[in-house]
Amino acid sequence: MNNYEYTKPADIEKESMRIIEGELNERGLIIPDENLTVVKRVIHTTADFDYAENLRFTEGAVSRVVSALQSGDAGLTFITDTNMALSGISKPSLAKLGASALCYMADENIMQEAKAAGTTRAYASMKRGASEYPNGIFVSGNAPTALIAISELIRDGLRPSLVIGVPVGFVNVVESKEELFALCEEKDIPAIVAFGRKGGSNVAASICNALLYSAVGTIDPLKRGWQK
């Protein structure tokens, strides 16, 4: 026997979010209401309160993309730079919104294109995504070369619905994030970026889910049905 008070998934999540919000207040970290759901979900995924300070949002990024998802703008598509991020995105939420998510990283043509051009598959994937879904939501949790590609594409006229830039690592990571964020601010493109070295596919997926849950009204886990 044990004396654990919280054993059901929904109860665990709700108590975790309560703890997170309490600790944010204790640390004196004030998050704008619009961004709070995203920040809390990333902290819930990572147990890392640094994200309360290193997650940066262009003005109105969250409200703009949530509105776009709710309006069914061309059936928005999330393009990720890893299959791990793709697997973590809520499929029921996508279905409710008529949205979709995909990853080209295992595509044989992408592998060949990247090899022929001397680039990474992530770079080639973002180029493909831009050509097929110019209105898409571009999600990088692993490869800074994905952000480099997106920055180049934005300079060439791409106007995505949102860019999520949270790759993790040491080479080109900090620079690619800063460049992408500044460019999105300049061009009035919604962006959510984790400044610094931290990030990852799990962080990318958690941001996507925070936006999706907001759009479908299921921030409360009990409203997701399976979380009982």
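Per chain, residue numbering runs from 1 following the sequence as it is written. Predicted model: local features are reported for residues with pLDDT of at least 70 only, side-chain atom pairs are reported and counted for 80 or more only, and whole-chain, interface and lining totals are derived from all residues. Side-chain figures throughout are based on the complete set of non-hydrogen atoms in the structure, without hydrogens or water.

### Description of the environment of I154
Relative to the helices and strands, I154 resides in helix α9 (residues 144–155). Burial classes: relative accessible area under 20% of the type maximum marks a residue as buried, over 50% as exposed, and values in between as partly exposed (1.4 Å probe, protein chains only). On the basis of relative accessibility, which here comes to 0%, the residue I154 falls in the buried class. Non-local contacts of I154, meaning those with residues more than four positions away in its chain, are made with R159, P160, L180, L183, C184, K187 and I189. Helix and strand definitions follow DSSP, with helices as H or I runs of at least four residues and strands as E runs of at least two, each counted in order from the N terminus. Whether two residues are in contact is decided by their heavy atoms: any pair within 4.5 Å suffices.

### Let's talk about the nonpolar core
Among the nonpolar cores identified, the biggest contains 43 residues, and L55, L69, I207 and L211 are the most heavily contacted of them. It is helix α11 (residues 201–216) that provides the largest number of residues to this core, a total of 8 residues. When sequence neighbours within four positions are dropped, the list of residues in contact with L69 reads L76, F78, L97, A99, I137, L211, L212 and A215. By nonpolar core is meant a set of buried Ala, Val, Leu, Ile, Met, Phe, Trp, Tyr and Cys residues that side-chain atoms within 4.5 Å join together. Core analysis: the second largest hydrophobic core is formed by 31 residues, I79, A124, L180 and V193 among them.

### Remarks on the packing of aromatic side chains
Remark: the centre distance and the inter-plane angle together describe each pair of aromatic rings, the angle taken between the planes. We call Phe, Tyr and Trp rings a pair once their centres come within 6.5 Å, taking the six-membered ring for Trp, and we label the pair stacked below 30 degrees between planes, edge-to-face above 60, and tilted otherwise. Enumeration over the complete set of coordinates arrives at 1 aromatic pair. With a centroid separation of 5.3 Å and 85 degrees between ring planes, the pair formed by F181 and F195 is classed as edge-to-face. Of this pair, F181 sits in helix α10 (residues 173–187) while F195 sits in the loop between β6 (191–194) and α11, and the two are 14 residues apart along the sequence. Its guanidinium or amino end placed over the ring of F49, R27 lies 4.2 Å from that ring's centre, counting from NZ or CZ. The lysine or arginine in question, R56, covers the ring of F195, its NZ or CZ lying 4.5 Å from the ring centre. Charge over a ring is defined by NZ of Lys or CZ of Arg lying within 6 Å of the ring centre and within 35 degrees of the ring normal.

### Quick word on the pattern of salt bridges
Within this document, salt bridges are pairs made up of a side-chain nitrogen of Lys or Arg and a carboxyl oxygen of Asp or Glu, the two lying within 4 Å of each other. The full count for this structure, using the stated rule, is 13 salt bridges. A salt bridge links D188 to R64; the shortest N-O distance between them is 2.9 Å. Residue D188 is located in the loop between α10 and β6, and its partner R64 is located in helix α4 (residues 61–71); the two are separated by 124 residues in the primary sequence. A residue is classified by how much of its surface remains accessible, and D188, at 51% relative accessible area, is exposed. A salt bridge links E113 to R128; its shortest N-O distance comes to 3.2 Å. On the criterion of sequence distance, the pair formed by E113 in helix α7 (residues 108–117) and R128 in helix α8 (residues 121–132) is long-range, its members being 15 residues apart. For R128, a relative accessible area of 15% gives the class buried. Ionic contacts of the salt-bridge type, sharing partners, join the residues D48, D50 and K198 into one network.

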